[in-house]
Amino acid sequence: MYTKNFVNPCPDWATALLNGFSQVLLLRNPLCGLCCLLAILLTAPNLVGGALLGALAGLLTAQRRGYDRADRQAGLYCYNGVLIGILISAVLPWSAIMPPLILAAGGLSSIITHQWRKRGGKLLIAYTAPFVLLGWGALLIAEPSTAVFAEPNPLYALARGVGQIFLLDNPFAGLLIIVGMFIASPYAAMWAVIGSAIGGGVALLIDQAQVAWMGLYGFNAALAALAFSRQSEKPCVTLLAIALALLLQPLFNLMPIAGLTAPFVLACWLMHSGNHFWQLLLRRDIWRLHN
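From a predicted model like this one, the values you see are computed outputs, not experimental measurements. (Residues numbered from 1 in each chain as written. Predicted model: local features only at pLDDT ≥ 70, side-chain atom pairs only at ≥ 80, totals over all residues. Heavy atoms only, no water.)

Caption draft 1: Geometry of the overall build of the chain. For the chain, the count of helices and strands is 14 helices and zero strands. Taken from the N to the C terminus, the helices and strands of the chain come in the order α-α-α-α-α-α-α-α-α-α-α-α-α-α. In summary, the chain has a C-alpha radius of gyration of 19 Å against a globular reference of 19 Å for 291 residues, a match within 12%. Seen along its three principal axes, the alpha-carbon backbone of the chain occupies a region of about 65 × 55 × 35 Å. Expressed as a percentage of the 291 residues in the chain, the buried residues total 50%. Intrachain contacts of the chain at a sequence separation of at least 6 include 73% that bridge at least 24 residues. Within the structure as shown, the chain displays about 13,900 Å² of accessible surface, and the carbon and sulfur contribution to it stands at 68%. (Helix = DSSP H or I, 4+ residues; strand = E, 2+ residues; numbered from the N terminus. Rg over C-alpha atoms; globule rule 2.2 N^0.38 Å. Buried < 20%, exposed > 50% of the residue type's maximum accessible area, 1.4 Å probe, protein only. Contact = heavy atoms within 4.5 Å. Areas by Shrake-Rupley, 256 points an atom, 1.4 Å probe, with all protein chains shown as cover.)

Written out as structure tokens, the structure reads:
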């Protein structure tokens, strides 16, 4: 049950919002969140307002509806709002309706996240699914974007693969985000960079050079790496998650709109479901041996 009264406020709203930025990377660290916020502010200042509005809307909605205080403080109801705020600011022209639209989308992402956390269990974790669903709605009403070309530079592509998690194509943004991840978890940061590198390499192998240089094959792989490296999984499991995200990406590329982080989300769901059914098979075999 939730209450509609403003009770049990977060002890530190600034920390909760910064945690929301870091939770985009599946990490909880306000300094990491600050680096992500600076990456947006310094490389795409036109998007920072949307990111903050979306995060604030998610937090206020969670507070208003009385969601768990610890989860609010951890930024779990902000990160989808951050992403949808950035996307709306990036794809829709500025108008007086944009701030209310971002506030509404950020608040709705918080509600969807809460319901997903209640019903999804350990197999269908929310991750960025609320952002994907709302983002597809925003892309359907957006005007087609013009193609952007990037210089063939492997290091820039590596950084862009991380920056594209926040829809940023500036290598400096990716570098700031990597620094933030390193502050929060050097091991996770290493795997995010590996995921981005593998994604870029795969794009080059399938003759998608511009996609590789823009980092568009790197961000889903980096997110998949972050999802499993943070759980202290074996490296082979993390590599499998990266491979699965990259295998799914061409399927979403067939859509008339961008797949966003859907390949990452679906790859994680398949990984969790596969592990669940594998454990069930093992238990059944053990039961048979004992009977």
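Caption draft 2: Molecular detail of the packing of aromatic side chains. In the structure shown here, the tally under the stated rule is three aromatic pairs. When the ring of tyrosine 67 is compared with that of tyrosine 77, the centres are 5.0 Å apart and the planes differ by 40 degrees; the resulting orientation is tilted. On the criterion of sequence distance, the pair formed by tyrosine 67 in the loop between α3 (45-64) and α4 (69-73) and tyrosine 77 in the loop between α4 and α5 (79-91) is long-range, its members being 10 residues apart. The exposure class assigned to tyrosine 67 is buried, which follows from its relative accessible area of 2%. Geometrically, the ring pair formed by tyrosine 127 and phenylalanine 264 is edge-to-face, given 5.3 Å between the ring centres and 65 degrees between the ring planes. One end of the pair, tyrosine 127, is in the loop between α6 (98-119) and α7 (129-141); the other, phenylalanine 264, is in helix α14 (residues 262-290), with 137 residues separating them in the sequence. Of the two residues, tyrosine 127 and phenylalanine 264, neither departs from the other in class, the shared state being buried. (Phe/Tyr/Trp six-rings, centres within 6.5 Å; stacked < 30°, edge-to-face > 60°.)

Caption draft 3: A look at the UniProt feature "transmembrane region" (unreviewed entry) in the chain. Here the UniProt-annotated "transmembrane region" (unreviewed entry) positions come out as residues 31-62, 123-142, 162-183, 212-229, 236-252 and 258-278. With 68% helix and 0% strand, residues 162-183 has its two end C-alpha atoms placed 15 Å apart. (UniProt positions renumbered as here; feature names shortened; annotations may be inferred.)

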